Amino acid sequence: MIGDEYIQIRSGLETALFSLSGLAHDLHAAPETLDILHKLGTSLREPFLFVVAGEVNAGKSSLLNALFGREFAKVDVIPTTDKIYIFKYGEEESNVHLSERLVECYRPEAFLRDFNLVDTPGTNTIVADHQAITERFLPVADLVLFVFSVMNPWALSSWEFLKLVSGKWLKNVVFVVQQTDLREKSEVDAVLAHLDQTIRDRLGQPRPIFPVSAKKALLAKSGGGVPLAESGFDKLETCINDVVSKGETRRAKLRSVCQSARVILGDLAEKAAGAFSILKTDSEKLAQVELSLEARKEHSMRQIEGVLSTLALSYDRAQKRGEELLLEKFSVWATLKSIVKKGDWQKEFQEKIEGQLQDAIRRQIENSVELLETDLRNVWQQLYESLRREFATEVPGPKAFPDFMRQREQLLKKLELTLLEKMSGQSLEQQLDRLFADSANLLRLPAGIAAAGGIATVVAILAHAAIIDVTGSIAAAAALLGTVFALVKRKQIIGAFRERMAGKREEVLVSIGDHLRHAMDLFYQELRNTFQPLQDFCAVQRRAYEPILARIKQLEETFAKSAAEIGK
């Protein structure tokens, strides 16, 4: 097929250009960029323009039919008048008269997608329109086939027409001597020699001349059993292929499209690399935030251990005071007095020790929670400052795509507002109330009451049981013996009190520690959740940009290959 090499290169470039347009759409490139790519594709698909000129009945239409192996230009239909026929591709056959002498002929022939053919009238019929032909078609023609009939190659009108052809267009002119099957070989050789000399004399430079028989060529291409070489078309088509594939006009077009596409690809690649670099940097910074939060959480957990140690000391002091109260309550005199006069001392003792435990633990818990709140507020502050410092919206280096940057900036702004909200006093209080919801009854004032009340109840039961035992024994024995017995029982009661208080101490501290640690886990989880949208954005965008970068690399290789083929 004529122009196969060029069409193959063009097809590869067109496919790459289509892929580049898809990439530009996916990356939300500017409308101007998409418009340029569309125009490049349109210019690339512009068909070749072949112009056929010569005298009436020189065999111009037959030549076109033979070149493409199709009888699309009916020799017996197209009149030999002064009209110019332009053959183009159309889904249905039709003729459109653009003017009195210009007709566009649409034919459903696949090759016309790549070739537009201009069949001019005989040079001996429209001398007045020769200038129009040279001005409109020759400057943009990829190839001009000037046809002479082997029966009469000396027509003066042909040479008059050639005088109008500018010297710079002659490089695209190929001379064809048609209907060679009508003369003997010796006669054809004589015609060619004379024509070659005439061309040199009249045009000042030699031009290739091809003797052909369109009749034999059409038979060869339609399976008529005639070798194509016998028609002379093999050499003509080789020459046409060279003109088409190596012609500077078309090569310049291919080169221009390829260069423009590579510039656009370079710009897209730079922005994609910029976006991916931002994503990579953001991911690294978020990993640092994660490590920082983990370290900060460990610090907060160590603070909880300090809080528990302080609570343990307060509890021990309360326990010691309880023992002292028991010693006072079960002194010898108090014991004898309780024998003689029974009273409701258990309730008084319980209220007293309970109150002391409540006050000690409540004050300590309130102080500890206040310290934790201050520390947690500092965590928000540090995160906010880190955000403003590390995740700046103005990123140095190549700019990323506007859509990407807009999404990122919106996320950063939302994150900044969230941190500002968390830093406000009221918001932090609400945050802590929510975080410590499961342990509120234990961490604040009710916690002290509940813990102390439970211990005091145990003490009351122990004390009550012991006194009953003591008073019963004294009633049956002597006063002195009863007193000794009561003192022994007092020792047992204090021992039991100490043992139960120690057990209760571990139970209360473990419970408080579990609740504090759970609250801290919730707190730091919410901190991580605050950054989660940005982390998700980075993860999603990275998964999207990795194949895009691979597509860019592949397109760079494709365009480089096309550029090398065009340059050969």
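Preceding this section is the structure that the text describes.
Below, the structure is looked at part by part. Everything numeric here is computed off the predicted structure, so don't read it as measured data.

So, about the overall build of the protein chain. A tally of helices and strands in the protein chain yields 17 helices and 8 strands. A total of 568 residues make up the protein chain; the buried ones form 46% of that total. By sequence separation, contacts in the protein chain at least 24 residues apart represent 79% of the contacts at least 6 residues apart. Looking at the protein chain as shown, the accessible area adds up to about 28500 Å², and 53% of this sits on carbon and sulfur atoms.

Let's shift gears to helix α9 (residues 233–246). For α9, with 14 residues, the first-to-last C-alpha span of 19 Å sits near the 20 Å given by 1.5 Å per residue. Within α9, burial applies to Phe233, Leu236, Glu237, Cys239, Ile240, Val243, Val244 and Ser245.

As paired strands, strand β3 (residues 94–97) and strand β4 (residues 102–107) are joined by 4 bridges and run antiparallel to one another. Opposite asparagine 95, over in β4, you have cysteine 105 as the bridge partner. Turn length for the β3-β4 hairpin, with the two strands adjacent in sequence and antiparallel, is 4 residues.

Before going further, it helps to spend a moment on the nonpolar core. Side chains of nonpolar character tend, in soluble globular proteins, to be buried together. Counting residues in hydrophobic clusters, the biggest one holds 105 residues, and the most contacted among them are Leu20, Phe50, Leu117, Leu145 and Leu236. When near neighbours in sequence (up to four residues on either side) are disregarded, phenylalanine 50 contacts Ile2, Phe68, Phe115, Asn116, Leu117, Val118, Asp142, Leu143, Ile240 and Val244. Grouped together as the second largest cluster of nonpolar side chains are 26 residues, Val118, Trp159, Leu162 and Val188 included.

On inspection of all chains with the given rule, the structure shows 10 aromatic pairs. Members of the aromatic cluster, connected to one another through ring pairs, are Tyr6, Phe48, Phe50, Phe68, Phe111 and Phe115. Above the ring of tyrosine 89, the side-chain terminus of arginine 113 is found at 4.0 Å from the ring centroid.

So, about unusual backbone geometry. Among all residues save glycine, negative phi is the norm, and among peptide bonds the norm is trans. The residue histidine 28 is not glycine, and still its phi comes out positive at about 55°. With respect to the secondary-structure elements, histidine 28 resides in the loop between α1 (4–26) and α2 (31–44). Even without a glycine there, the phi angle at glutamine 179 is positive, about 65°. Mapped onto the fold, glutamine 179 is located in the loop between β7 (173–178) and α6 (185–203).

Moving on, we get to the layout of surface pockets. Taken as a whole, the second largest pocket spans an internal volume of roughly 370 Å³. If you go around the second largest pocket, you meet 23 residues; those closest to its centre are Glu46, Leu49, Val140, Ala141 and Asp142. For the lining of the second largest pocket, the secondary-structure elements that each account for two or more residues are β1 (48–54), β2 (84–89), β5 (115–119) and α10 (248–329). Of the residues forming the lining of the second largest pocket, the biggest block, 3 residues, is contributed by α10.

Our next topic: the sheet that holds β1. Within a sheet, adjacent strands bond to each other through the backbone by hydrogen bonds, running parallel or antiparallel. Taken in spatial order, the 8 strands line up as β3-β4-β2-β5-β1-β6-β7-β8 in an open sheet, and their pairing is mixed. Every other strand in the sheet has two partners, leaving β3 and β8 (209–211) as the edge strands with one partner each. Sheet twist, expressed as the mean angle between neighbouring strand axes with direction ignored, is 20°. As judged from the 3 bridges shared by β7 and β8, these two strands associate in the parallel manner. Note on β8: the bridge partner recorded for valine 176 is phenylalanine 210. Sitting on the sheet, helix α3 (residues 60–68) is in contact with β1, β5, β6 (143–149) and β7, with an inclination near 165° to β5. Each of β6, β7 and β8 is contacted by α6, which is oriented at about 160° to β8, the strand it contacts most.

Before going further, it helps to spend a moment on the packing of α3 against helix α7 (residues 214–221). Where α3 contacts α7, the axes come no closer than 8 Å and their chain directions differ by 25°. Between α3 and α7, the angle is such that the two are roughly parallel. Crossing handedness for the pair α3 and α7: left-handed. Contacts between α3 and α7 involve Ser62, Leu63, Asn65, Ala66, Leu67 and Phe68 from the former and Ala214, Ala217, Leu218 and Lys221 from the latter.

Reading the values: rules and limits
- Every chain is numbered on its own, with residues counted from 1 as its sequence reads.
- With the structure being a predicted model, the display of local features is reserved for residues of pLDDT at least 70 and the display and counting of side-chain atom pairs for 80 or more, all residues being used for whole-chain, interface and lining totals.
- Side-chain figures throughout are based on the complete set of non-hydrogen atoms in the structure, without hydrogens or water.
- A run of DSSP states H or I qualifies as a helix once it reaches four residues; a run of E qualifies as a strand once it reaches two. Both are numbered from the N-terminal end.
- Remark: exposure states derive from per-residue accessible area (1.4 Å probe, protein chains only) relative to the maximum for the residue type, with buried under 20%, exposed over 50%, and partly exposed in between.
- Throughout, a contact is declared for two residues whenever any of their heavy atoms are within 4.5 Å.
- For every accessible area listed, the method is Shrake-Rupley and the probe measures 1.4 Å; residues are considered covered only by the protein chains on display.
- A helix is expected to reach a length of 1.5 Å times the quantity of its residues less one.
- What makes two strands pair is DSSP finding at least two bridges between them.
- Throughout this description, the term nonpolar core refers to a set of buried Ala, Val, Leu, Ile, Met, Phe, Trp, Tyr and Cys residues connected via side-chain atoms within 4.5 Å.
- For this analysis, a ring pair means two rings from Phe, Tyr or Trp (six-membered ring only for Trp) whose centres lie within 6.5 Å, classed as stacked if their planes differ by under 30 degrees, edge-to-face if by over 60, and tilted for the remaining angles.
- Comment: the charge-over-ring label is applied if NZ (Lys) or CZ (Arg) is within 6 Å of the ring centre and within 35 degrees of the ring normal.
- Points on a 1 Å grid over protein atoms alone make up a cavity when a 1.4 Å probe fits among them but cannot get out, and a pocket when they form an open set with protein on both sides within 12 Å along at least five of seven lines; lining residues each have an atom within 4 Å of a point.
- Grid points are joined across faces, edges and corners, and a volume is the space filled by probe spheres set on the points.
- The axes are straight lines fitted to the C-alpha atoms, using for helices just the contacting stretch, and the angles between their N-to-C directions are given from 0 to 180°.
- An angle counts as roughly parallel when it lies under 35 degrees, as roughly antiparallel when it exceeds 145, as roughly perpendicular when it falls between 65 and 115, and as oblique in every other case.
- Crossing handedness is read from the near helix: turned anticlockwise from the far helix by less than a right angle, it gives a left-handed crossing, and turned clockwise, a right-handed one.

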